[in-house]
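Examination of the molecular architecture
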Amino acid sequence: MATIGILGANGRMGQAIAAIAEDLGATLSGGVDLGGAVFGPHGDAAALAAASDVLVDFSAPAALAGHLEAALAAGVPIVVGTTGLKPEHHAQIDAAVARGLAVLQTGNTSLGVNLLAHLVREAAARLGDDWDIEILEMHHRHKVDAPSGTALLLGAAAAEGRGATPEALNRFDRIGRGNDKPRETGTIGYASLRGGSVAGDHMVVLATENERIELGHRAESRAIFARGAVKACLWMVGKPAGRHAMGDVLGL
């Protein structure tokens with residue numbers, strides 16, 4: 001059995017992974033958070049990494065650099081599901097990969113969402129710029145980052161389908177910010193809603209004259225993300241250095 005160490009074990013996702021890991025054929029070496037050990041004998045990320053076959057990180061962007069170092073020192077792969085990452089955090093991941101680390105980084109560990117991203121990529125590749133792309137997402141009232149990591153993942157998939165970088169096409173917070181300018185042809189718009197206890201709803205709308213395609217996913221429980229995260233961890237054991245993605249876990 002693969003042994004998983006949880007970084008950010010006090011968080012919602014950390015707790016969900018701990019609750020479901022053994023049902024999926026994994027064992028837990030322990031869990032740590034900012035205050036030290038949450039469960040198990042290991043008091044920090046370095047000790048946890050040394051006792052694990054793979055790490056899974058659902059903590060905070062500020063903790064990422066230290067967690068990558070811990071994984072490198074122990075020679076174990078890491079699954080990074082922390083959202084709200086900025087370019088400097090992705091640069092930290094790239095630097096760790098260059099030093100020999102295997103990293104699977106994703107804004108969403110749901111297998112369904114990652115299949116949705118594949119469908120969005122395919123649709124965007126086959127439809128022209130006259131098809132506008134809008135991404136709508138809603139999460140619970142406690143979620144801080146917006147647009148969500150999943151919305152950005154879907155936007156990146158659409159941009160890849162159109163042969164462009166997300167930076168060239170994205171138009172953040174275009175809706176609801178008093179922007180009275182018409183949308184630019186070929187761009188991707190985002191709308192973020194927050195309220196209640198919504199685990200995660202995402203809708204990608206492709207619209208042109210007189211017709212519209214809607215591709216969506218609704219998360220009914222946080223357990224789907226935990227299941228996907230554990231599956232990603234099991235898949236990552238023994239993988240070579242490099243950046244990996246949830247699509248690889250699905251064979252896409």
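Cut-offs and rules
- Residues numbered from 1 in each chain as written.
- Predicted model: local features only at pLDDT ≥ 70, side-chain atom pairs only at ≥ 80, totals over all residues.
- Heavy atoms only, no water.
- Buried < 20%, exposed > 50% of the residue type's maximum accessible area, 1.4 Å probe, protein only.
- Helix = DSSP H or I, 4+ residues; strand = E, 2+ residues; numbered from the N terminus.
- Pairing = 2+ DSSP bridges.
- Salt bridge = Lys/Arg side-chain N within 4 Å of Asp/Glu carboxyl O.
- Arc of directions from axis to C-beta.
- Contact = heavy atoms within 4.5 Å.
- Axes fitted to C-alpha atoms, helices over the stretch in contact; angles between N-to-C directions.
- Polar contact = N/O pair within 3.5 Å; in protein donor to acceptor, adjacent residues only side chain to side chain.
- pLDDT = per-residue confidence, 0-100.
- Phe/Tyr/Trp six-rings, centres within 6.5 Å; stacked < 30°, edge-to-face > 60°.
- Lys NZ or Arg CZ within 6 Å of the ring centre and 35° of its normal.
- Core = buried A, V, L, I, M, F, W, Y, C linked by side-chain atoms within 4.5 Å.

Moving on to the pairing of strand β10 (residues 200–208). A large share of β10 lies buried, amounting to seven of its nine residues. The pairing of strand β7 (residues 132–139) with β10 spans seven bridges and is classified as antiparallel. Bridge assignment links M138 to a residue of β10, and that residue is D201. The pairing of β10 with strand β11 (residues 211–219) spans nine bridges and is antiparallel.

Turning next to the pattern of salt bridges. It is possible for side chains of opposite charge to pair when their charged atoms get near one another. A full pass over the atoms with the stated rule returns nine salt bridges. Where E69 meets R99, a salt bridge forms, and the shortest distance between an N and an O atom there is 2.6 Å. Taken together, the residues E69 in helix α3 (residues 64–74) and R99 in the loop between α4 (87–98) and β6 (102–105) connect sequence positions 30 residues apart. Of the charged contacts in the structure, one is a salt bridge between R212 and E214, with a shortest N-O distance of 3.0 Å.

Moving on to helix α1 (residues 12–20). Helical geometry note: an α-helix holds 3.6 residues per turn, so side chains three or four residues apart project in the same direction. Buried within α1 we find M13, G14, A16, I17 and I20. Within α1, the buried residues cover an arc of 165 degrees as seen down the axis, which keeps them to one side. For α1, the secondary structure elements touched by its buried residues are β1 (3–7), β4 (54–57) and α8 (223–236).

Attention now goes to the environment of M246. You can see M246 is positioned in helix α9 (residues 246–250). Along the sequence, M246 and T83 sit 163 residues apart, while their C-alpha atoms lie 15 Å from each other.

Here we come to the sheet that holds strand β3 (residues 36–39). Strand order across the open sheet formed by seven strands is β3-β2-β1-β4-β5-β6-β12, with mixed pairing between neighbours. Edge strands, defined here as strands with exactly one partner in the open sheet, are β3 and β12 (242–244). Neighbouring strand axes in the sheet, compared pairwise and without regard to direction, differ in orientation by 25 degrees on average. Two elements, β6 and β12, share three bridges in a ladder whose sense is parallel. By the bridge assignment for β12, L104 is matched with H244.

With that settled, consider the side chain of H42. Looking at where H42 falls in the secondary structure, it is placed in the loop between β3 and α2 (45–50). A relative accessible area of 17% means that H42 is categorised as buried. A distance of 3.5 Å separates a polar atom in the side chain of H42 from the backbone oxygen of S29. H42 has contacts with S29, V32, A37, A47, L48 and A51, leaving out every residue within four places of it along the chain.

Time to look at unusual backbone geometry. Residue P147 follows A146 across a cis peptide bond; omega there is -5 degrees. For P147, the position within the fold is in the loop between β7 and α6 (149–161). Despite not being glycine, N210 shows a phi value in the positive range, around 70 degrees. Looking at where N210 falls in the secondary structure, it is placed in the loop between β10 and β11. The class for N210 is exposed, based on a relative accessible area of 80%.

Mean pLDDT over the protein chain works out to 91, with 94% of the residues at or above the 70 mark. Within the model, pLDDT remains below 50 along residues 173–178, and this stretch shows nine contacts once partners closer than five positions in the same chain are excluded.

This part is about the packing of aromatic side chains. Centre distance and the angle of the planes are the two values used to describe a pair of aromatic rings. For the coordinates displayed, the defined rule picks out zero aromatic pairs. Just above the ring of W235 sits the side chain of K239; from NZ or CZ to the centre is 4.3 Å.

Core analysis: the biggest nonpolar cluster contains 25 residues, and I4, I17, V56, V79 and V230 have the highest contact counts within it. Residue assignment for this core shows that the elements contributing at least two residues are β1, α1, β4, β6 and α8. By residue number, the principal contributor to this core is α8, which donates seven residues. If we skip the residues at most four places from it in the chain, V56 touches I4, G5, I6, L7, I17, V79, A229 and C233. Among the nonpolar cores identified, the runner-up in size contains 20 residues, and V32, L55, L68 and V80 belong to it.

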